[in-house]
Amino acid sequence: MSQETNPTPSLAELLDGDLDPSVLPKDAVIAMDGPAGSGKSTTARYLADRYGLVYIDTGAMYRALTWAALDAGTDLSSESSLVALLEANRLEFQPARGEARILWNGGDVSAQIRRPEVDAAVSEVSSHAAVRAEMVARQQQMGRNGGVVMEGRDIGSVVFPLATAKIFLTASLEDRARRRFKQNQQRGVEVDPADLQADLAERDRMDSSRETSPLTISPDAIVIDSSGMSLDQQNRACAHACLVNPTLDLTVDRDLDRSKAEMPFSYRLAYAVFGALARFYGMKYVNCGRQAMPRGCIAAINHVSYWDPPLVGATFLRYRVNSIAKEELFRPWPAGAILRWFDVIPIRRKGYDKTAFDAATSSLQAGNSIQFYPEGTRRAIGHPGPVRNGLGILVQATRAPVQPIFIRGSYGRQPLGSTISPLEVSYGPLLRWHGVDALLERIDRKEVSRRIAKLCEAAFVELQARSFARMPETEWERKTGELQLRKFASRQKRVFGP
Ligand code: DC
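Positions within a chain are numbered from 1, following the residues in the order the chain's sequence is written. Per-residue local features of the predicted model are confined to residues with pLDDT of at least 70, and side-chain atom pairs are confined, for both listing and counting, to 80 or more; whole-chain, interface and lining totals are unaffected and use all residues. Remark: hydrogens and water are excluded; side-chain values derive from all non-hydrogen atoms of the structure.

Trainee: Can you break down the sheet that holds strand 4 (residues 101-104) residue by residue, with the values?
Mentor: Pairing within the open sheet is antiparallel, and its three strands lie in the order 3-4-5. The sheet terminates laterally at strand 3 (91-94) and strand 5 (107-108), the two strands that pair on one side only. For this analysis, residues touch if any pair of their heavy atoms sits within 4.5 Å. Axis lines are fitted through C-alpha atoms, for helices just across the contact stretch, and the angle between N-to-C directions can take any value from 0 to 180 degrees. Strands are runs of DSSP state E lasting at least 2 residues, helices are runs of H or I lasting at least 4, and numbering of each runs from the N terminus. In the packing of helix 3 (residues 58-72) onto the sheet, contacts are made with strand 3 and strand 4, and the angle to strand 4 comes to roughly 35°. Two strands are counted as paired when DSSP detects at least two bridges linking them.

Trainee: Tell me about helix 6 (residues 129-142), residues and numbers included.
Mentor: Count 3.6 residues to each turn of an α-helix, and residues three or four apart come out pointing the same way. Every helix has an expected span of 1.5 Å times one less than the residues it contains. In a regular helix each residue adds 1.5 Å, so 14 residues correspond to 20 Å; helix 6 covers 20 Å between its end C-alpha atoms and thus fits that length. Contacts made by the buried residues of helix 6 are with helix 3, helix 4 (79-88), strand 3, helix 5 (116-125), strand 6 (148-152) and helix 7 (155-159).

Trainee: A description of the packing of helix 16 (residues 390-398) against helix 18 (residues 445-470) should follow, citing residues and the corresponding values.
Mentor: The geometry of a pair of packed helices is captured by two quantities: the angle between their axes and the separation between those axes. Following both chains from N to C, one finds helix 16 and helix 18 inclined at 110°, their axes separated by 8 Å at the closest point. Classified by the angle between their axes, helix 16 and helix 18 sit roughly perpendicular to one another. For the element pair helix 16 and helix 18, the recorded crossing hand is right-handed. Along the contact surface, helix 16 presents Leu 391, Gly 392, Ile 393, Val 395 and Gln 396, while helix 18 presents Arg 445, Val 448, Ser 449, Ile 452 and Cys 456. Each residue gets one of three labels, nonpolar for Ala, Val, Leu, Ile, Met, Phe, Trp, Tyr, Cys and Pro, charged for Asp, Glu, Lys and Arg, and polar for the others, Gly among them. Classifying every residue of the contact of helix 16 with helix 18 gives six nonpolar, three polar and one charged. Here the word oblique covers every angle except those under 35 degrees (roughly parallel), over 145 (roughly antiparallel) and from 65 to 115 (roughly perpendicular). Each crossing is labelled by how the near helix is turned from the far one, with a counterclockwise turn of less than a right angle marking it left-handed and a clockwise turn marking it right-handed.

Trainee: For the side chain of Lys 40, give the residues involved together with the corresponding values.
Mentor: Among the secondary structure elements, Lys 40 is positioned in helix 2 (residues 40-51). Burial classes: relative accessible area under 20% of the type maximum marks a residue as buried, over 50% as exposed, and values in between as partly exposed (1.4 Å probe, protein chains only). His is not counted here, nor are the chain ends, while Lys and Arg score as positive and Asp and Glu score as negative. Any carboxyl oxygen of Asp or Glu that lies within 4 Å of a side-chain nitrogen of Lys or Arg is treated as forming a salt bridge with it. The side chain of Lys 40 sits in the buried core without any salt bridge; Glu 151 is the nearest counter-charge, 4.2 Å away. At 3.0 Å, the side chain of Lys 40 and the backbone oxygen of Gly 34 are in polar contact. If we ignore the near neighbours within four places in the chain, the residues touching Lys 40 are Met 32, Asp 33, Gly 34, Pro 35, Glu 151, Gly 152, Arg 153 and Leu 169. N or O atoms closer than or at 3.5 Å make up a polar contact, with two conditions inside protein: a donor-capable atom paired with an acceptor-capable one, and, for residues adjacent in sequence, both atoms drawn from side chains.

Trainee: A description of unusual backbone geometry should follow, citing residues and the corresponding values.
Mentor: A cis amide bond links Trp 333 with the next residue in sequence, Pro 334, at an omega value of 0°. Tracing the chain through its elements places Pro 334 in the loop between strand 11 (321-326) and helix 14 (335-341). Of note, the amide linkage connecting Gly 385 to Pro 386 takes the cis form, showing an omega dihedral of -5°. Its location among the elements puts Pro 386 in the loop between strand 13 (369-372) and helix 16. Residues other than glycine seldom take positive phi values, yet Asp 343 does so here, at roughly 55°. If you trace the backbone, Asp 343 turns up in the loop between helix 14 and strand 12 (345-347). You will see that Arg 399, though not glycine, has its phi angle at about 60°, which is positive. In this fold, Arg 399 is placed in the loop between helix 16 and strand 14 (402-408). For Arg 399, a relative accessible area of 30% gives the class partly exposed.

Trainee: Lay out the site of the ligand with the relevant residues and their values.
Mentor: Being near a molecule or strand, for a residue, means having at least one of its heavy atoms within 4 Å of it. Inspection of the region around the ligand gives 16 residues, with Arg 63, Arg 132, Arg 153, Asp 154 and Arg 203 positioned closest. Within the side chain of Arg 63, one N or O atom sits 2.7 Å away from an oxygen atom of the ligand. The contact in question runs from an oxygen atom of the ligand to an N or O atom on the side chain of Arg 203, over 2.6 Å. Out of a free accessible area of 450 Å², the ligand has 98% covered by protein chains. Of all the elements in the fold, those that place two or more residues in the shell around the ligand are helix 3, helix 5 and helix 9 (193-209). Residue contributions to the shell around the ligand peak at four residues, all from helix 3. Here the residues of the shell around the ligand sort into two nonpolar, five polar and nine charged. Note on areas: Shrake-Rupley with a 1.4 Å probe; residue coverage comes only from the protein chains shown.

Trainee: So what's going on with the layout of surface pockets? Residues and values would help.
Mentor: Within this model, the second largest pocket holds a volume of roughly 1100 Å³. Buried and open spaces are told apart on a 1 Å grid over the protein atoms alone, a cavity being a set of points where a 1.4 Å probe fits but cannot get out and a pocket being an open set with protein on both sides within 12 Å along at least five of seven lines. Residues with an atom within 4 Å of a point are the lining residues. Contributing to the lining of the second largest pocket are 41 residues, with Pro 309, Ile 324, Ala 325, Lys 326 and Tyr 373 lying nearest its centre. Listed by contribution, the elements that provide at least two residues to the lining of the second largest pocket are helix 12 (265-280), helix 13 (308-313), strand 11, helix 14, strand 13 and helix 16. When residues in the lining of the second largest pocket are grouped by element, the largest group, six residues, is from helix 12. Grid points are joined across faces, edges and corners, and a volume is the space filled by probe spheres set on the points.

Trainee: Got a sec to walk through a nonpolar patch on the surface? Specific residues and values, please.
Mentor: Exposure above 30% relative accessible area and no salt bridge define the residues that can form patches, which grow by joining like charges within 9 Å and nonpolar side chains of Val, Leu, Ile, Met, Phe, Trp and Tyr within 5 Å. Among the surface-exposed residues, Phe 265, Leu 269, Val 273 and Trp 341 lie close enough to one another that they form a single nonpolar patch of about 420 Å² accessible area. Tallying contributions element by element places helix 12 first for the nonpolar patch, with three residues. Note on placement: Phe 265 falls in helix 12.

Trainee: Tell me about the nonpolar core, residues and numbers included.
Mentor: Nonpolar cores are built from buried Ala, Val, Leu, Ile, Met, Phe, Trp, Tyr and Cys residues. Side-chain atoms within 4.5 Å join them into one set. Counting residues in hydrophobic clusters, the biggest one holds 59 residues, and the most contacted among them are Ile 30, Leu 47, Ile 102, Ile 167 and Ile 224. Sorting elements by how many residues they give to this core places helix 3 first, with eight residues. If near-sequence neighbours (up to four positions away) are discounted, Leu 47 is found in contact with Ile 30, Met 32, Gly 52, Val 149, Ile 167, Asn 235, Cys 238, Ala 239 and Cys 242. Counting residues in hydrophobic clusters, the runner-up holds 29 residues, among them Ile 370, Ala 400, Ile 452 and Leu 455.

Trainee: How would you explain the pattern of salt bridges if you had to name every residue and give the values?
Mentor: In this structure the tally under the stated criterion is 25 salt bridges. Residues Arg 132 and Asp 154 are paired through a salt bridge, measuring 2.9 Å at the closest nitrogen-oxygen approach. Taken together, the residues span a long stretch of sequence, with Arg 132 in helix 6 and Asp 154 in the loop between strand 6 and helix 7 at a distance of 22 residues. Each member of the pair, Arg 132 as well as Asp 154, is classed as buried. Ionic pairing is found between Glu 475 and Arg 478, a salt bridge with its closest N-O pair at 2.5 Å. With a gap of three residues between them, Glu 475 and Arg 478 both fall in helix 19 (residues 475-496), about one helical turn apart. A relative accessible area of 45% places Glu 475 in the partly exposed class. A relative accessible area of 30% places Arg 478 in the partly exposed class. One network of salt bridges, in which partners are shared, links Arg 63, Asp 119 and Arg 203.

Trainee: Could you give me a rundown of helix 2, with the residues and numbers involved?
Mentor: When the terminal C-alpha atoms of helix 2 are compared, their 16 Å separation across 12 residues agrees well with the 16 Å that a helix rising 1.5 Å per residue should span. Restricting attention to buried positions, one finds in helix 2 the residues Lys 40, Thr 43, Ala 44, Leu 47, Ala 48 and Tyr 51. Taken end-on, helix 2 shows its buried residues confined to a sector of 145°, consistent with a single buried face. After helix 2 finishes, the residue Gly 52 shows a positive phi value of roughly 70°. Picture the helix axis, draw a direction to every C-beta atom, and the arc is the one those directions span.

Printed below as a string of structure tokens:
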């Protein structure tokens, strides 16, 4: 068997084509963080324009307070005086096309807040916890309905930890100083380049070392180092980064308690048994937390063993999830009766079974989720895919989001568990289909199904590679995991890099 290459493209690569840019939800929140002078403002404005979002510059809010404090002679080390100043006056951020305006008591201070004396004092002002708490509350209020690209230092880490996409834009100190110098020249502000570089270094130090929400890289942020990139490359890289995971669902957990109360006895019993089975085998749950799967979604699972449904079922916990199973399983008595008790939908595997698809569609539309094995049958271990067209048909009929789930180590389990290989269920990012309508105007339904299948396959392969790299059981798994992760990384670099 050749394990050398796998032709499945990465999610980034797939999204870098025709699904762009309509895959970005209109209520997206793009968090853009990074050090001073990294080009955040320019690129955030570009993203706002490209995706139809409102641009919010949180640095300008800290700058406006700093300007007002300098103007009023307020002691910059006094937290309470600064908060009092902020509360006693009207600070407004007016988003607009091009340069957004910042108003202090109705007066436009957009130019004043860029002066060198503000540059020098703003780090101190923004280091006070109470000042930050007030600013963060205002920023959360501004972005509460989504549709924003917000730039700052703590947007992904503090202001919107559930942002649709988090970008950390950085560049070398020299590059940043050069860009700031040019920017200042255009604004008619004269500063010595050496002073400017020293000042930037000092602000980096203060922003990163302050106690309250320092400048840090969120673990789930995409880091883009724009040193040596042209502005166009930087913009393009960030535009792609927005689309890598445009899927996070902020509303996932709202219905949880209701769905728990609605759960029939059969489900509660089954989940108790599945949970016990998973515990018995020492199964690991990766990213299967409470937030993992919304209602009304298709849980797309790779298939290697008859143990997959109960073991993956253990991760559903409180959701009512219908399953689809081949009709042969219903034949022996009393299997049919038991499966029907659990609302399992029988499917004929040859050709297209309209009755089964209609039943699955109604179930999804009623807000249930569906457990679905899109490869259609059990596959060889270590080689997920190919995904068949059924998944795409179901997605096109319902627009239901797809939750890719990868199970590893279920094959060869005995009822009394003699196997010691790692058993693990991991969830990938939810796939949503905001771009499908636009795509259908250009390509036919079959091709759309094929692309949806490719996305799901790519998700399986990526989840497998991460699992192998985390817990290699054999030399082959270690090598395959590392090779595939390197390939994903180099593809990302190709997509995001210069
Ligand atoms: O992005 P900028 O240079 O305009 O930011 C000005 C200062 O404000 C910077 O020194 C750090 C601070 N800041 C912050 O602490 N948190 C934010 N969300 C935005 C800016």
